[in-house]
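Listed here are the chains, written in short residue letters.
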Amino acid sequence: MEDEQRPSTTDPIDDRIDRRAFLQHASAGVLALSLPPISFKEKQMGVVVHSYASRWNSKVESKKYPGFSNAMDMLEHCYEIGAGGIQVGVKDWTADFAKKIRERREKLGLYLEGSIALPGKAEDVSRFEQEVISAKEAGAQVLRTVCLNGRRYETFHSNDEFLEFHKNTLTSLRLAEAVVRKNKVKLAVENHKDWRTNELLGIIQQLNSEWIGVTLDFGNSISLMEEPMEVTRMLARYAFSTHVKDMGVDEYADGFLLSEVPLGTGILDLSSMVEMCKKLSPDVTFNLEMITRDPLEIPCLTDDYWSTFEGVSATSLARTMRMVRLKKSKTALPRVSQLGAEDRLALEEQNIVSSLAYSKTTLGLK
């Protein structure tokens, strides 16, 4: 059956589209000739809830960095530090809470994006739809989701396991698509250290829905041996939302280390990536995901890492490791596990505030 076909993992990226999509694109192209150019709707950068990994539901008794107990706390704080909006989980929101978020958000002039879990099976659809309705009531027009909460190279240890995940993902997204189409809310699937770009594109094009697009993460795909600018070029036209981050890299015995670092201090060409997103998706939002944590280990020199990457050429590994060696950090990548709770909260806030400042002074998001 179509759902059970092996997903392509070969290079180069397959950018084919079906006949219906072709006709839609062709018609849009003809129409565009008679319309004035589309300009990007300038917005301040928002903040993803994961940027506050330490502060969200924190139990630390801190007067300077009190924990966020819910989305309202985060909304108020992000307004204070000059963010343009927030992307936050919408699980278990009541209608009353959604209304309060809408009222306060509108008063502050911030945007809201939801983060939502896909329905795994038919029995989950009612839960999913209730969360969609709550998010829409609060003013969210885009909901970010992931297909895998973990990392591909840590979760799966055979290609058969990955193919089963691929099949189940298509089932989940079809269930979700019917709900977001009914409620007229966009669902944005993140490249979350699970899909290589051609695989995610294949899924988006197979669903062929105006309500299903992408949350383009600027740095995640490095962990899957992909080049960030190429990932941006291929996914930006499908992007409803983004996770903007900068990355630091270094070598270690089994591969390389990958770490979020404050915007402007890492290896990514952020200005070009932002401009490409503006050009290809004028309505896209830019959300900071600056996770203050120890570097992630990408064990790309081990056999197990490659168990789900049939057809990916050795060139991808060679290119990535060459990039790591050329661009590795001149100082040790930041680590926080040795810090006390208050110091970790302080560093988290410093990283977010400095990144927001960079987005305004250098990326033009103000």
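You'll find the structure just up there.
Notes on the structure in this doc start here. Computed from a predicted structure; not experimentally measured.

Rules used throughout
In this convention, every chain numbers its residues from 1, walking through the sequence in written order. Predicted model: local features are reported for residues with pLDDT of at least 70 only, side-chain atom pairs are reported and counted for 80 or more only, and whole-chain, interface and lining totals are derived from all residues. With hydrogens and water set aside, each side-chain value is computed from the structure's full complement of heavy atoms. Salt-bridge detection follows one rule: a side-chain nitrogen of Lys or Arg within 4 Å of a carboxyl oxygen of Asp or Glu. Runs of H or I in DSSP of at least four residues are treated as helices and runs of E of at least two as strands, each being numbered from the N terminus. Whether a residue is buried, partly exposed or exposed follows from its accessible area with a 1.4 Å probe, protein chains only, as a fraction of its type maximum: under 20%, in between, or over 50%, in that order. In short, DSSP must find at least two bridges between two strands for them to pair. Only C-alpha atoms enter the line fits that serve as axes; for helices the fit covers just the stretch in contact. Angles between N-to-C directions range over 0 to 180 degrees. The definition of a polar contact used here is a pair of N or O atoms within 3.5 Å, where within protein one atom must be able to donate a hydrogen and the other to accept one, and adjacent residues in sequence count solely through side-chain atom pairs. Should any heavy atoms of two residues lie within 4.5 Å, those residues are counted as being in contact. Put simply, two rings from Phe, Tyr or Trp (the six-membered ring, in Trp's case) pair if the centres are within 6.5 Å, and we call them stacked under 30 degrees between planes, edge-to-face over 60, tilted for the rest. Any Lys NZ or Arg CZ found within 6 Å of a ring centre and within 35 degrees of that ring's normal is scored as a charge over the ring. Orient the strands so they point away from the viewer; a crossover is then right-handed if the path from the first strand over the helix to the second runs clockwise. How far a helix is expected to stretch is found by multiplying one less than its residue total by 1.5 Å.

**Concerning the pattern of salt bridges**
Next up, step 1: If you walk through the whole model with that rule in mind, you get 21 salt bridges.
Next up, step 2: Salt-bridge contacts for Glu260 lead to Lys245; the nearest nitrogen and oxygen are separated by 3.6 Å. Within this pair, whereas Glu260 is found in strand β9 (residues 255–261), its partner Lys245 is found in the loop between β7 (239–244) and β8 (246–252), the two being separated by 15 residues in sequence. Each member of the pair, Glu260 as well as Lys245, carries the same accessibility label: buried.
Next up, step 3: With a closest N to O distance of 3.0 Å, Arg325 and Glu251 form a salt bridge. Remark: Glu251 occurs in strand β8 and Arg325 occurs in helix α10 (residues 314–327); sequence separation between them is 74 residues.
Next up, step 4: For Arg325, a relative accessible area of 49% gives the class partly exposed.
Next up, step 5: One connected set of salt bridges, linked through shared partners, spans Asp217, Lys245, Glu260, Glu289 and Arg293.

**Examining the sheet that holds strand β11 (residues 296–298)**
Next up, step 1: One open sheet holds the three strands; their spatial order is β8-β9-β11, and the pairing between them is antiparallel. The sheet is open, and its two edges are formed by β8 and β11, each paired on a single side. In this sheet, adjacent strand axes meet at a mean angle of 30° when their direction is disregarded.
Next up, step 2: Of the pairings in the sheet, the one linking β8 to β9 comprises seven bridges and is antiparallel in character. By the bridge assignment, Asp246 is partnered in β9 with Val261.

**Things to note about the side chain of Glu260**
Next up, step 1: Residue class for Glu260 comes out buried when judged on its relative accessible area of 5%.
Next up, step 2: Engagement of the side chain of Glu260 in a polar contact is seen with the side chain of Arg293, the distance being 2.9 Å.
Next up, step 3: If sequence neighbours within four positions are ignored, Glu260 has contacts with Lys245, Asp246, Met247, Glu289, Met290, Ile291, Arg293 and Pro334.

**Considerations on the side chain of Ser115**
Next up, step 1: Relative to the helices and strands, Ser115 is located in strand β3 (residues 111–115).
Next up, step 2: By relative accessible area, Ser115 is classed as buried at 14%.
Next up, step 3: Those residues in contact with Ser115 that lie beyond four places of it in its chain are Val88, Gly89, Val90 and Arg144.

**Points about the packing of aromatic side chains**
Next up, step 1: Applying the stated rule across the entire model yields 11 aromatic pairs.
Next up, step 2: Residues Phe162 and Trp195 carry aromatic rings whose centres are separated by 5.7 Å and whose planes lie at 65° to one another, so their mutual orientation is edge-to-face. Of this pair, Phe162 sits in helix α6 (residues 159–183) while Trp195 is found in the loop between β5 (186–190) and α7 (197–207), placing the two residues 33 residues apart along the sequence. Across the pair, Trp195 and Phe162 agree in class, each one buried.
Next up, step 3: Cluster of aromatic residues (ring-pair linked, three or more members): Tyr153, Tyr305, Trp306 and Phe309.
Next up, step 4: Sitting over the ring of Phe162, Arg152 keeps its end group 3.8 Å from the ring centre.

**Some points on the pairing of β3**
Next up, step 1: Of all five residues in β3, five are buried; the element is thus mostly enclosed.
Next up, step 2: Neither face of β3 is exposed, since Tyr111, Glu113 and Ser115 on one face and Leu112 and Gly114 on the opposite face are all buried.
Next up, step 3: Relative to β3, strand β2 (residues 85–89) runs parallel, the two being bridged by five bridges. Bridging from a neighbouring strand, Val88 pairs with Gly114 of β3.
Next up, step 4: Viewed along the sheet, the connection from β2 through helix α3 (residues 95–108) into β3 turns out right-handed.
Next up, step 5: Note that β3 and strand β4 (residues 142–145) share two bridges and pair parallel. In the sheet register, Ser115 faces β4, and the bridge partner there is Arg144.
Next up, step 6: Handedness of the β-α-β unit built from β3, helix α4 (residues 125–138) and β4 comes out right-handed.

**Digging into α4**
Next up, step 1: The first and last C-alpha atoms of α4 sit 20 Å apart over 14 residues, in line with the 20 Å expected at 1.5 Å per residue.
Next up, step 2: On its buried face, α4 sits against α3, β3, β4, α6 and β5.
Next up, step 3: Following α4 by one or two positions, Gly139 adopts a phi angle in the positive range, close to 110°.

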